[in-house]
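# Chains, contacts and geometry: an overview
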Amino acid sequence: MTCRICLSSTHVLLDMGESPPANSLKEAANQPEDFYPLVLERCNTCANVQLRDCIAPEKLYSRYLYMTPDSPSLTQHYAFLAGELTDRAVLRSGSLVVEIGSNTGKFLRHLQPFVRKVVGIDPAANICEVANQSGIETICDFFNDTSAEVLKERFGRPALIVARHCFAHNPDPHEMLRGVTRLLDGDGYFVVENAYLLNTVENNEFDQIYHEHMFYYSIRSMQALLAQHGMHIVDVLMVPVHGGSIVFLIKKIAPGDQLGAAVEEGARREDHALTPETFNRFVANTLEIRRRLREKVSDLLGTRQRIYTYGATAKGNTLLNFVGISAAEIPFCVDSTPAKHGRYLPKSNIKVISEEEGLASPPDYFLLTAWNYRDEIIAKVRRRGNVRSKFIVPIPSVSVL
Ligand code: TYD
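Note that the coordinates shown come from a computational prediction; the quantities given were computed from them, not determined experimentally.

### Quick look at the sheet that holds strand 8 (residues 189-195)
The mixed open sheet is built from seven strands, whose spatial order is 6-5-4-7-8-10-9. The open sheet is flanked by strand 6 (138-140) and strand 9 (231-239), the only strands paired with a single partner. Adjacent strand axes in the sheet meet at a mean angle of 20° when their direction is disregarded. Both strand 5 (residues 117-122) and strand 6 contribute to a ladder of three bridges, which runs parallel. Considered in strand 6, the bridge of D122 is made with C140. The sheet strands contacting helix 4 (residues 125-133) are strand 5 and strand 6, and the helix crosses strand 6 at an angle near 160°.

Structure below.
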């Protein structure tokens, strides 16, 4: 097909078959669902890795169940980012900050003490309501050229625009960048945080592949994209959230811009590491995880062990559906998000219950579908007195803790 960054041709890396959108939890089991192909492909020219078939964002985000969880590791991460941005004088007492895909406003709340004003923009009406009620001003809209103009008229030009784990959630990044270049202050920063392709591939995180993740960014592919908009990466930070993410610090190209050494070092590492052999290995490891997890679950059920999944995550739904696990084998999924309770996971029909309910009658094994919060979830379960349930961790390879 066609690369949505540079319009060259692409080749398929991995075809995972068809699945429903990973965050489309259902009100009733066996409710009819729409299935869409899940095919990962790579550009033959610019290093872009993308999902071949994109679902319209309006369909994915108008009512959204993902709410940023309360998590010590995320709180720590927000404080780290606020510190980095303050040290680089990106956050100043007189400045305005706009966050795209701001969800319930948890990150903006961390930036609020350092700046004049924070504003969020998010397309999900139910999520905006939660954010506004909690005192983080949030506009309910998609971010594009048109909404950027509205924001500019209403609030002025921000010194910082942030897009955390949402920049890849749109089939057309050029449209978002037109909005960014229109809105951002001349000397301002655009900060994008995204799962990092190199980590995704090296850690066998095939479950990061779902319909919201329309791009799998690297330094090279981001450079190819930004060059078309008169912007460039001035620095990058590697952070541990979501299985290994990258933070791109981006500016409009201006004379005298200093580029951090990490940018070119990182890009060269990618040139060396992201070869066709690496992608072949990634595919082979993905198939091996599927085989081993299928076998593990069947073996445990054969000896009458009870299994629940932990974390009603988007990535978990890719994993369960790719491996072929359903409610007949695993009846419940434990999750801390109240809006997900009583709903059913797409395709697998596993019912979501609260952590309290899950821990009141714990299973023998939890399949950790929120493996990115492994240590804190296991610590939480043990702290609540459960020392018996074991954890099956699927990524980077199937292991039992
Ligand atoms: P996340 O890792 O953001 O996953 P994805 O992007 O794949 O959807 O979601 C974490 C999920 O795990 C979220 O639904 C809340 C849940 N969760 C718990 O149930 N308990 C916890 O202690 C934590 C940290 C998260």
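### Thoughts on the environment of F332
Mapped onto the elements of the fold, F332 is located in strand 12 (residues 332-334). For F332, a relative accessible area of 27% gives the class partly exposed. If near-sequence neighbours (up to four positions away) are discounted, F332 is found in contact with Y308, T309, I350, K351 and I353.

### Topic: the state of the cysteines
This structure, assessed with the given rule, holds zero disulfides. Counting only cysteine sulfurs, C46 is the nearest neighbor of C3, a cysteine outside any disulfide, at a range of 3.7 Å. Here C140 stays unpaired: no disulfide links it, and the sulfur of C128, its closest cysteine neighbor, is 3.8 Å away.

### Digging into the sheet that holds strand 16 (residues 399-400)
Spatial ordering of the open sheet is given by 13-12-11-14-15-16, a layout of six strands whose pairing is mixed. For this open sheet the edge positions go to strand 13 (351-353) and strand 16, each flanked by a neighbour on one side alone. As defined by bridge partners, strand 12 adjoins strand 13 across three bridges and the pair is classed as parallel. Directly across from C333, in strand 13, lies its bridge partner V352. Taken strand by strand, helix 10 (residues 276-302) contacts strand 11 (307-310), strand 14 (365-368), strand 15 (390-393) and strand 16, and its axis lies near 140° from that of strand 11. Lying on the sheet, helix 13 (residues 374-383) is in contact with strand 11, strand 14 and strand 15; it crosses strand 15 at an angle near 165°.

### Structural notes on the pattern of salt bridges
Close approach of charged atoms allows side chains of opposite charge to pair. Throughout the structure, instances matching the rule amount to 25 salt bridges. Several salt bridges converge on common partners, so that one network encompasses D145, E149, K152 and R182.

### Considering the environment of P173
Within the element layout of this structure, P173 appears in helix 6 (residues 173-183). The buried category is assigned to P173, whose relative accessible area is 0%.

### Notes on the site of the ligand
Around the ligand, the structure places 21 residues, and the nearest of them are D335, S336, K340, N372 and K380. Contacts to the ligand include E355, whose side-chain N or O atom sits 2.8 Å from a nitrogen atom. Surface burial for the ligand is 97%, taken as the share of its 570 Å² of free accessible area covered by protein chains. For the shell around the ligand, the element with the most residues is helix 13, which contributes three residues.

### Structural notes on helix 13
Those residues of helix 13 not exposed but buried are I377, I378 and V381. Down the axis of helix 13, the smallest arc covering the buried residues is 95°, so these residues share one side. In helix 13, the exposed positions that point more than 90 degrees away from the buried face belong to D375 and R383.

### A closer look at the side chain of T318
Among the structural elements, T318 can be located in helix 11 (residues 314-323). By relative accessible area, which is 6% here, T318 ends up buried. A distance of 2.8 Å separates a polar side-chain atom of T318 from the backbone oxygen of I209. Not counting residues up to four positions away in its chain, the partners in contact with T318 are M16, L38, F206, D207, I209 and Y210.

### Description of the pairing of strand 7 (residues 160-164)
In terms of burial, strand 7 is a largely internal element, five of the five residues being buried. Burial along strand 7 is two-sided: L160, V162 and R164 and I161 and A163, pointing in opposite directions, are all buried. Judged from the five bridges that link them, strand 7 and strand 8 form a sheet pairing that is parallel. Bridged to I161 within strand 8 is F190. Once the chain exits strand 7 it traverses helix 6 before rejoining the sheet at strand 8, and the crossover so formed is right-handed.

### Comments concerning helix 11
Within helix 11, ten of the ten residues are buried, which leaves the element mostly enclosed by the surrounding structure. Listed as buried for helix 11 are A314, K315, G316, N317, T318, L319, L320, N321, F322 and V323. In this structure, the buried side of helix 11 is in contact with strand 1 (10-19), strand 2 (36-43), helix 10, strand 11 and strand 14. Two residues or fewer past helix 11, G324 is found with a positive phi of approximately 85°.

### Details of the nonpolar core
One finds I100, L160, F167, F190, I209 and F248 to be the most contacted residues of the largest nonpolar core, which totals 129 residues. At seven residues, the largest contribution of residues to this core is made by helix 10. Non-local contacts of I209, meaning those with residues more than four positions away in its chain, are made with L14, M16, L38, L40, L51, Y216, F282 and T318.

### Digging into the packing of helix 5 (residues 145-155) against helix 6
Direction vectors running N to C along helix 5 and helix 6 enclose 20°, while the axes themselves pass 8 Å from each other. As the angle between them shows, helix 5 and helix 6 are arranged roughly parallel. Seen from above, helix 5 lies across helix 6 with right-handed handedness. Every residue of helix 6 that contacts helix 5 at D145, A148, E149, L151 and K152 is listed here: E175, R178, G179, R182 and L183. Looking at the contact of helix 5 with helix 6 residue by residue, the class counts come to three nonpolar, one polar and six charged.

Procedures and definitions
Residues numbered from 1 in each chain as written. Predicted model: local features only at pLDDT ≥ 70, side-chain atom pairs only at ≥ 80, totals over all residues. Heavy atoms only, no water. Pairing = 2+ DSSP bridges. Helix = DSSP H or I, 4+ residues; strand = E, 2+ residues; numbered from the N terminus. Axes fitted to C-alpha atoms, helices over the stretch in contact; angles between N-to-C directions. Contact = heavy atoms within 4.5 Å. Buried < 20%, exposed > 50% of the residue type's maximum accessible area, 1.4 Å probe, protein only. Disulfide = S-S within 2.5 Å. Salt bridge = Lys/Arg side-chain N within 4 Å of Asp/Glu carboxyl O. Near = heavy atom within 4 Å. Polar contact = N/O pair within 3.5 Å; in protein donor to acceptor, adjacent residues only side chain to side chain. Areas by Shrake-Rupley, 256 points an atom, 1.4 Å probe, with all protein chains shown as cover. Arc of directions from axis to C-beta. Right-handed = clockwise from strand over helix to strand, strands pointing away. Core = buried A, V, L, I, M, F, W, Y, C linked by side-chain atoms within 4.5 Å. Parallel < 35°, antiparallel > 145°, perpendicular 65-115°, else oblique. Left-handed = near helix turned anticlockwise from the far one by under 90°. Nonpolar A, V, L, I, M, F, W, Y, C, P; charged D, E, K, R; others polar.

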